[in-house]
Amino acid sequence: MAASVARAQGEGAANAEHLPRRFGRYHLFDRIGRGGMADIYLARVQTELGGARRAVVKQILPALSGDPQFAKMLIDEAKLVAGLRHANVVQVLDLGREDDRLYIAMEYVEGYDLNQLLRRLSKRRIPLPAEFALFVVREALAALDFAHRKRDDFGEPL
């Protein structure tokens, strides 16, 4: 499996170089992340009546798109998150398949990239203010608490 992930990441890098590009109804214009099973893109989606908004598209890596295990993980993730409504949890807008690649489209949340901020502070040897760190941790824990307490329509934990 490790070899298929490495191969998938190599193939994904080649596709990421071809931006901007269309992906179904999404116009991908910036790769904002990469994980072990997917590339994450900033995208624009247009409605058939001309409205447009930004979204985030998480595409399963090409070499993994035929792997039922990875497909199931992505589908399960989308279904789970789609049932969560909380200020600190992004909303799932779409789950689909385009060109044999599974994807999740999620709301785009405007804001600072915490990882970039931490890197900049580290370079300058400036500590993250404790109040800010506590705020970030508190908000993340609120979302996790909500997700772990959430129950389905039959009262079963998600």
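Note that the structure is a prediction, hence the values are computed from the model and not measured. The residue numbers shown here count from 1 along each chain, following its written sequence. Owing to the predicted nature of the model, reporting of local features is limited to residues with pLDDT of at least 70; listing and counting of side-chain atom pairs is limited to 80 or more, with chain, interface and lining totals taken over all residues. As a rule here, side-chain values cover all heavy atoms of the structure and leave hydrogens and water aside.

Trainee: In this structure, what is going on with the pattern of salt bridges? I would like to understand it.
Mentor: Note that side chains of opposite charge can pair when their charged atoms are close. Salt bridge, as used here, is a side-chain nitrogen of Lys or Arg placed within 4 Å of a carboxyl oxygen of Asp or Glu. Per the counting criterion, the structure on display carries 7 salt bridges. Linking Arg34 and Asp39 is a salt bridge whose minimum nitrogen-to-oxygen distance equals 2.8 Å. Here Asp145 ties to Arg149 by a salt bridge, and the two come within 2.6 Å at their closest N and O atoms. Highlighted residues: Asp145 and Arg149, both in helix α4 (residues 130-149), separated by 4 residues, approximately one helical turn. Any residue under 20% of the maximum accessible area for its type is buried, any over 50% is exposed, and the rest in between are partly exposed; the area is computed with a 1.4 Å probe on protein chains only. Classification of Asp145 as partly exposed rests on a relative accessible area of 39%. Taken together, the shared-partner salt bridges connect Arg31, Arg34 and Asp39 into one network. A run of DSSP states H or I qualifies as a helix once it reaches four residues; a run of E qualifies as a strand once it reaches two. Both are numbered from the N-terminal end.

Trainee: Would you mind going over unusual backbone geometry with me for this structure?
Mentor: Generally, phi is negative for residues other than glycine and the peptide bonds are trans, each holding for most cases. Here the amide bond leading from Leu19 into Pro20 is cis, since omega sits at -5°, within 30 degrees of zero. Summarising the element assignment, Pro20 is placed in the loop between α1 (2-16) and β1 (21-23). The phi dihedral of Asp100 is positive, around 65°, even though this residue is not glycine. Mapped onto the elements, Asp100 comes out in the loop between β5 (92-98) and β6 (101-107). For Asp100, a relative accessible area of 58% puts it in the exposed group.

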